[in-house]
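Below, each chain spelled out in residue letters.
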Amino acid sequence: MKYGAIMDAGFLDWLDANAEALLARDDAALAEAIARSCRHKAAIGERDPREHGERALLNFGHTFAHAIEAEQGYAAAAALNHGEAVAVGMVLAARLSAALGRATGADADRLQALLERFGLDTRLPAGLDPL
């Protein structure tokens, strides 16, 4: 979903249309999602091998995720693991982008709904201090 959010809205459409197959672990759907994700990551890495620009997009959601993990104390029994924290972080980043006028609220809503459709948390765990 990260690649759809940062560079390929058509991929978000595809993920939404194929959610049931992906959740059912359909081999063909999984292979397509993995292949598309790998192509996107490889293309970004090829264009920006030293993270001087575009490659920073691969960190989408991670800044907030690392803050969540730090607040949880990096505990093995934490409310969210790294991937789950990244999902929350992507929503937070999308909401920040909308607040700054860099994206629309509808884009953030769409991303949040899709993450939730795939069973991912999209809100800070209870007890975390957002400040």
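The following refers to the structure shown. Predicted model only: the values in this text are computed from it and were never measured.

Quick notes on the rules
- Residues numbered from 1 in each chain as written.
- Predicted model: local features only at pLDDT ≥ 70, side-chain atom pairs only at ≥ 80, totals over all residues.
- Heavy atoms only, no water.
- Axes fitted to C-alpha atoms, helices over the stretch in contact; angles between N-to-C directions.
- Helix = DSSP H or I, 4+ residues; strand = E, 2+ residues; numbered from the N terminus.
- Parallel < 35°, antiparallel > 145°, perpendicular 65-115°, else oblique.
- Left-handed = near helix turned anticlockwise from the far one by under 90°.
- Contact = heavy atoms within 4.5 Å.
- Nonpolar A, V, L, I, M, F, W, Y, C, P; charged D, E, K, R; others polar.
- Core = buried A, V, L, I, M, F, W, Y, C linked by side-chain atoms within 4.5 Å.
- Buried < 20%, exposed > 50% of the residue type's maximum accessible area, 1.4 Å probe, protein only.
- Expected span 1.5 Å × (residues − 1).
- Arc of directions from axis to C-beta.
- Polar contact = N/O pair within 3.5 Å; in protein donor to acceptor, adjacent residues only side chain to side chain.
- Salt bridge = Lys/Arg side-chain N within 4 Å of Asp/Glu carboxyl O.

A closer look at the packing of helix 5 (residues 62-71) against helix 6 (residues 82-99)
One way to put it is that helix 5 packs onto helix 6 with a least axis distance of 7 Å and a crossing angle of 125°. When the axis of helix 5 is compared with that of helix 6, the two are oblique. As for how helix 5 packs across helix 6, the hand of that crossing is right-handed. From helix 5, His-62, Phe-64, Ala-65, His-66, Ile-68 and Glu-69 reach across to helix 6, where they touch His-82, Ala-85, Val-86, Val-88, Gly-89, Leu-92, Ala-93 and Leu-96. When its residues are assigned to classes, the contact of helix 5 with helix 6 shows nine nonpolar, four polar and one charged.

A closer look at the nonpolar core
Within the largest apolar cluster, 30 residues are counted, with the highest numbers of intra-cluster contacts made by Trp-14, Leu-15 and Leu-22. Breaking this core down by element, the ones donating at least two residues are helix 1 (2-6), helix 2 (9-17), helix 3 (19-23), helix 4 (27-47), helix 5, helix 6 and helix 7 (105-117). The element best represented in this core is helix 6, accounting for eight residues. Non-local contacts of Leu-15, meaning those with residues more than four positions away in its chain, are made with Met-1, Leu-22, Ala-33, Leu-114 and Phe-118.

Let's talk about helix 4
Here helix 4 spans 30 Å end to end across 21 residues, near enough to the 30 Å set by a 1.5 Å rise per residue. The set of residues buried in helix 4 consists of Ala-29, Ala-33, Arg-36, Ser-37, His-40, Ile-44 and Gly-45. In a view along the axis of helix 4, the buried residues occupy a sector of 165°, so they form one face of it. Relative to its buried face, helix 4 has exposed residues pointing more than 90 degrees away, namely Asp-27, Ala-28, Ile-34, Arg-39 and Glu-46. Residues of helix 4 that are buried in the fold lie against helix 1, helix 2 and helix 3. For helix 4, the side-chain oxygen to backbone nitrogen distance between the N-cap and Ala-28 is 3.3 Å, and the N-cap itself is Asp-26.

Some details on the packing of helix 2 against helix 4
Where helix 2 contacts helix 4, the axes come no closer than 11 Å and their chain directions differ by 165°. Between helix 2 and helix 4, the angle falls in the class roughly antiparallel. With respect to the hand of their crossing, helix 2 and helix 4 are arranged in left-handed fashion. Contacts between helix 2 and helix 4 involve Gly-10, Phe-11, Trp-14 and Leu-15 from the first element and Ala-29, Glu-32, Ala-33, Arg-36, Ser-37 and His-40 from the second. Class assignment of the residues belonging to the contact of helix 2 with helix 4 gives a composition of five nonpolar, three polar and two charged.

Overview of the pattern of salt bridges
According to the stated counting rule, one finds seven salt bridges in the structure shown. With its nearest N and O atoms 2.2 Å apart, the salt bridge here joins Asp-13 to Arg-110. With Asp-13 in helix 2 and Arg-110 in helix 7, this residue pair connects regions lying 97 residues apart in the sequence. Residue Arg-110 is classed as partly exposed on the basis of its relative accessible area of 32%. A salt bridge links Asp-16 to Arg-117, with the nearest nitrogen and oxygen atoms 2.3 Å apart. With Asp-16 in helix 2 and Arg-117 in helix 7, this pair connects stretches of sequence that are 101 residues apart. What makes Asp-16 partly exposed here is its relative accessible area of 34%. In this structure Arg-117 comes out as partly exposed when scored by relative accessible area, which is 38%. The structure contains a network of salt bridges with shared partners spanning Asp-8, Glu-32 and Arg-36.

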